[in-house]
Amino acid sequence: MTIIIDRSRDRSNATGPVSVAEKQREKDRPKGLYKARVPIYPKLVHGQWRWIKWVLLIVMLAIYYITPWIRWDRPGALPDQAVLVDFDGGRFYFFMIQLWPQEVYFITGLLVLSALGLFLVTSLFGRLWCGYACPQTVWTDLYIYIERMFEGDRNARMRLDAAPMSFNKLWRKAGKHAVWIGAAFGTGGAWIFYFHDAPDLIRTFWVGTAPMTAYVSCAILTFTTYVFAGHMREQVCTYMCPWPRIQGAMLDDQSFQVTYRYDRGEPRGPHKKAESWEGRGDCIDCNQCVVVCPMGIDIRDGAQLECINCGLCIDACNEVMEKVGRPRGLIAYDTDAAVAARSCGQKPQHRLVRPRTLYYAIALTVVGCLMIWGFANRKTLDVHALRDRNPAAVRLHDGSVRNGYTLKIANHGFDTATVEIRYGGVPGATLTSPGREATDPLTLRVDPNRVTSVRVFVTAPAAEDVDGSRPASFEIRSGDERQAVRTAFEYGDLR
Amino acid sequence: MSERERDEHSGVETTGHEWDGLKELDNPLPRWWLWVFYGCIVVAIVYWVLMPAWPGLKGYTPGILKQSDRVAVVEDLQALQAQRGRGEAMLATASLQQIEADPALQAHALSVGQSVFGDNCATCHGAGGGGNRGYPNLRDDVWLWGGSLEEIEHTLRVGVRSEHPDTRTSQMPAFGRDNMLTAGQVSDLTEYVVRLSGRPADAAAVGRAQQLYADNCAACHTPTGVGDRLVGAPDLTDREWLYGSDRDSIRGQIHNGRNGVMPTWEGRFSPGVIKALAVYVHVNAGGGEASGVAATAP
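Throughout this document, residue positions are counted from 1 along each chain, in the order its sequence is written. Each chain takes a letter, starting from A, and each ligand takes a number, starting from 1, following the order in which they are written. Owing to the predicted nature of the model, reporting of local features is limited to residues with pLDDT of at least 70; listing and counting of side-chain atom pairs is limited to 80 or more, with chain, interface and lining totals taken over all residues. Values shown for side chains rest on all heavy atoms present in the structure; no hydrogens or waters enter the calculation.

We now examine the overall build of chain A. Scanning chain A from N- to C-terminus turns up 16 helices and 15 strands. Against the 2.2 N^0.38 benchmark of 23 Å for 495 residues, chain A shows a C-alpha radius of gyration of 33 Å, more extended than a compact globule. If one aligns the C-alpha atoms of chain A with their principal axes, the spans along those axes are about 110 × 60 × 45 Å. A 1.4 Å probe rolled over the protein chains alone gives each residue an accessible area, and that area as a share of the maximum for its type sets the label: buried under 20%, exposed over 50%, partly exposed in between. Sorting the 495 residues of chain A into buried and exposed places 46% on the buried side. What makes two residues a contact is simply this: any of their non-hydrogen atoms within 4.5 Å. In chain A, once contacts between residues fewer than 6 apart in sequence are set aside, the share between residues at least 24 apart is 68%. Positive charges come from Lys and Arg, negative ones from Asp and Glu, while His and the chain ends are left out of the count. Charge positions come from single atoms, namely NZ of Lys, CZ of Arg, CG of Asp or CD of Glu. Positive and negative side-chain charges of chain A, numbering 60 and 50 respectively, have mean locations separated by a distance of 7 Å. Here a helix means four or more residues in a row that DSSP labels H or I, a strand means two or more in a row labelled E, and each is numbered from the N terminus. To get the radius of gyration, use the C-alpha atoms; to get the globule rule, take the number of residues to the power 0.38 and multiply by 2.2 Å.

Below, the structure written as structure tokens:
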């Protein structure tokens, strides 16, 4: 399960030290059909990237937990929750935006935008999403934090796991799992608030009158959070997630990734205090980059499928470099091309503008503009005219011809709209709607926030000179809004 | 078994399969994958216990949840009946005009009416109510028995030439078949009727038929030919012809005097459904005969 994207070295002829991870892999080589998970005990590290990760963790969790509780005043009986996926009402609310199910293309557009954004960021700066923002990473970080609270850091955890069962081990393990399950329940519990009014649901949830979907969703999310963040962790990224496999197509040797600068580090080996640094690399093979890695890999093997680019090995290595008095940045965000250039003694050059990043940026701009254009041109009223097809045309007693239409008027607004309807394109045509006063123009009141269906009929004198049908249109006016809906007036074979 | 090939780069055994130089590594499955498989087996066994699962010689194992789609359908239907009951009450208490003028009630009546019309009326009147030869068009403004909401509802309830005691009825005699008129007289009357509807006709025949019309037809169709709704006599001056507008069709109708039949729907539908159907027909006829015919009637 190792796909190495390292083109800078031919590993088959590589001599020199074998990495710890490589040794571990050698030990794990298949002896049966199934491979047990190799436990990973990431060590706590301090530094710039770890700090950023803590901040982002708090920000992400805060967004997730606080969002459903933001209130947003909407008229009438409409929900006052700023962000709500209302399945019962068939609406999606996002602050001042309200989407109907038939406007799902905005969600599609948003997903396309997200995907393109992810492509662009990945081709520029590697898997930032994986390392900092992915829920799997955020929650795994949180769970490792909880684990550390109960069981201590890496060495203590390894000792505890190896030790026989004792009261000490029992309460630590039990405590960890209890808090894990609590955090998982908190996760699943917060999820359901996005689908129902939060203050209402938090009450009904506990008295047992919440919808069954709330309980089932909460249970599923609790289970998956506990299993994925507590037990599966890096296995989710390596085995389940398609993104590590896709991202290879976005990366090239100009993409910034967490990189071991082998030009500076090799040949590696232990270093004693008084020894000279002449003729050797800066890597002292202390293994700190491996022990802090939440994915259990050795970054010195080059860019690899498992690496989520979280930068923790950078912090670990910087700490060590400072201790031994060498410059920081033996492991750093860098490009393959830069490392290769340096190893040949050339000056590294970074190219952010490349055909690949340009294409992604253009696609991102185009889709973004389309979305903005679509939003800017959203109308309060959405009108469709469905012409009767059976019969397409009806002849009246005096020989005139009548067509029937069903007008579907969707009022996206929150106020009752007064709509004026005119019919154009057919000389002498009159517009009527049974059960409604015959006025010119036909005037209707359209209820807010729903689709109103209106039967209308257009009567026109027979036209001997028209063959078949004539193009026509409904003109709809409501306040300042005006739109035309194209249709046809069918004479049929009744002339 | 001989030693399997090992991939030099990764050190993993290959399966021995090769496509265009690409060899498949025989990486092991993760252990948890196996657990998921065992988990699926456990779920299947639990399912057998809970749900209907195994066929037997007579019936099947019902499972301890006693889940049955058949029972669920019956319950759903009962729920549907209860729901329809509310709609029925709504329709029964409102007048026909109220139903048509209220957008929500009208929408409800249209959906009920469409479904009932499709199942019961469309066979003769056509799916869209456009009619067929001998079966009146319900979408236009020509009505043998009246196109107001009340008249439509009444026709629906009592039918035409039906078993209902108050049925609407009229009698067009078979003048030719029953030897009341000669073939020549029928042909003359045909020309007269063509003339009535404003089309060119043989003037000599029309002249000969004048007295015949007054003696035989004017009683029902009125002297001017505009018809009489009280006896269900159609207007002969308009452009609507139930049995066809060409001379052969008109001659055939004078000769044979066909009389259509519509069943009574009272007793088959609840009053609410008949109201909904009346509103459906009235609305789809563009509001029945709100304009037009009434003005030309005597």
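What follows continues from the structure just given.
Contacts between chain A and chain B engage 32 residues on the former and 37 residues on the latter. Buried area, as used here, totals the accessible surface that two parts lose on assembly, with accessibility defined by a 1.4 Å probe and the loss added over both. Together, the buried faces of chain A and chain B total about 3000 Å²; carbon and sulfur atoms form 55% of this surface. On the chain A side of the interface with chain B, the three residues burying the most area are Tyr34(A), Arg395(A) and His397(A), jointly 23% of the side's total. In the sections that follow, a salt bridge refers to a side-chain nitrogen of Lys or Arg positioned within 4 Å of a carboxyl oxygen of Asp or Glu. Remark: the boundary between chain A and chain B carries 1 salt bridge. In this structure, Arg139(B) engages Asp388(A) in a salt bridge whose closest nitrogen and oxygen atoms are separated by 2.4 Å. Two N or O atoms form a polar contact when they lie within 3.5 Å of each other; inside protein one atom must be a possible hydrogen donor and the other a possible acceptor, and for residues adjacent in sequence the pair counts only when both atoms belong to side chains. Scanning the region where chain A abuts chain B turns up 10 residue pairs in polar contact (both at pLDDT 80 or more). When contributions to the side of chain A that touches chain B are tallied by element, the ones reaching two or more residues are strand S1 (34-35), helix H10 (234-240), strand S8 (394-395) and strand S13 (450-460) of chain A. With 3 residues, the top contributor of residues to the side of chain A that touches chain B is H10(A). Throughout, the ten residues Ala, Val, Leu, Ile, Met, Phe, Trp, Tyr, Cys and Pro are labelled nonpolar, Asp, Glu, Lys and Arg are labelled charged, and all others, Gly among them, are labelled polar. Of the residues assigned to the side of chain A that touches chain B, the class counts are 15 nonpolar, 7 polar and 10 charged.

Note on sheets: strands pair through backbone hydrogen bonds, and any given pair is parallel or antiparallel. Residue and element names in this part refer to chain A. Strand order in the open sheet formed by 4 strands is S12-S10-S14-S15, with antiparallel pairing between adjacent strands. Edge strands, defined here as strands with exactly one partner in the open sheet, are strand S12 (442-446) and strand S15 (481-490). Within the sheet, the average angular offset between the axes of one strand and its neighbour, ignoring direction, is 25 degrees. Whether two strands pair depends on DSSP finding at least two bridges between them. The pairing of strand S10 (residues 417-424) with S12 spans 5 bridges and is classified as antiparallel. Pairing of Glu420 across the sheet is with Thr443, part of S12. Angular values range over 0 to 180 degrees, each being the angle between N-to-C directions of two axes fitted as lines to C-alpha atoms, with helices fitted over their stretch in contact.

Another aspect to go through is the environment of Ala115(A). For Ala115(A), the position within the fold is in helix H3 (residues 104-125). Through-space distance from the C-alpha of Ala115(A) to that of Leu364(A) is 9.1 Å; in sequence the pair is 249 residues apart.

In this section: the sheet that holds strand S2 (residues 83-86) of chain A. Residue and element names in this part refer to chain A. Spatial strand order, S2-S3-S4: 3 strands in an open sheet with antiparallel pairing. Only two strands of the sheet have a single partner each, and these edge strands are S2 and strand S4 (97-99). Ignoring strand direction, the axes of neighbouring strands in this sheet form an average angle of 10 degrees. Sheet topology note: the S2/strand S3 (residues 91-94) ladder contains 4 bridges and is antiparallel. In the sheet register, Asp86 faces S3, and the bridge partner there is Arg91.

So, about the pairing of strand S2 (residues 22-25) of chain B. All names here are of chain B. Both strand S1 (residues 14-19) and S2 contribute to a ladder of 3 bridges, which runs antiparallel. The residue bridging Thr14 from the neighbouring strand is Leu25, located in S2. What sits between the antiparallel neighbours S1 and S2 is a turn of 2 residues, in which Asp20 has the positive phi angle 45 degrees.

Let us now look at the pattern of salt bridges. Side chains carrying opposite charge are able to pair once their charged atoms draw close together. Residue and element names in this part refer to chain A. Evaluated as defined, the whole model comprises 34 salt bridges over all chains. For the salt bridge of Lys53 with Asp141, the shortest nitrogen-to-oxygen distance reads 3.7 Å. Of this pair, Lys53 sits in helix H2 (residues 48-66) while Asp141 sits in helix H5 (residues 135-151), and the two are 88 residues apart along the sequence. A single burial state applies to Lys53 and to Asp141, both of which are buried. A salt bridge links Asp447 to Arg450; the shortest N-O distance between them is 3.4 Å.

With that settled, the discussion passes to the layout of surface pockets. Residues and elements named next belong to chain A. Here a cavity means grid points, on a 1 Å grid over the protein atoms only, where a 1.4 Å probe fits yet cannot get out; a pocket means an open set of points with protein on both sides within 12 Å along at least five of seven lines; lining residues are those with an atom within 4 Å of a point. Grid points are joined across faces, edges and corners, and a volume is the space filled by probe spheres set on the points. Space inside the second largest pocket adds up to approximately 1300 Å³. The wall of the second largest pocket is formed by 34 residues, among which Tyr64, Pro135, Trp191, Tyr194 and Phe195 lie closest to the centre. Elements that contribute at least two residues to the lining of the second largest pocket include exactly H2, S2, S3, H3, helix H4 (128-133), H5, helix H7 (167-191) and helix H9 (212-232).

A few words on the packing of aromatic side chains. All names here are of chain A. Pairing of aromatic rings covers Phe, Tyr and Trp, the last counted by its six-membered ring, and requires centre-to-centre distances within 6.5 Å; plane angles under 30 degrees mean stacked, over 60 mean edge-to-face, and any other angle means tilted. By the definition in use, this model includes 34 aromatic pairs over all chains. The interplanar angle of 65 degrees and the centroid separation of 6.0 Å between the aromatic rings of Phe185 and Trp206 together place this pair among those described as edge-to-face. Pair noted here: Phe185 is in helix H7 and Trp206 is in helix H8 (residues 198-207), with a separation of 21 residues, a long-range link. A residue is classified by how much of its surface remains accessible, and Trp206, at 61% relative accessible area, is exposed. Taking 4.9 Å as the distance between ring centres and 70 degrees as the angle between the ring planes, the aromatic pair formed by Tyr423 and Phe474 counts as edge-to-face. Of this pair, Tyr423 sits in strand S10 while Phe474 sits in strand S14 (residues 469-478), and the two are 51 residues apart along the sequence. Owing to a relative accessible area of 14%, Tyr423 belongs among the buried residues under this scheme. By relative accessible area, Phe474 is classed as buried at 0%. An aromatic cluster is defined as three or more aromatic residues linked by ring pairs; in this entry it consists of Tyr64, Tyr65, Phe87, Trp139, Trp191, Tyr194 and Phe195.

No statement about biological role is implied by the geometric values presented.
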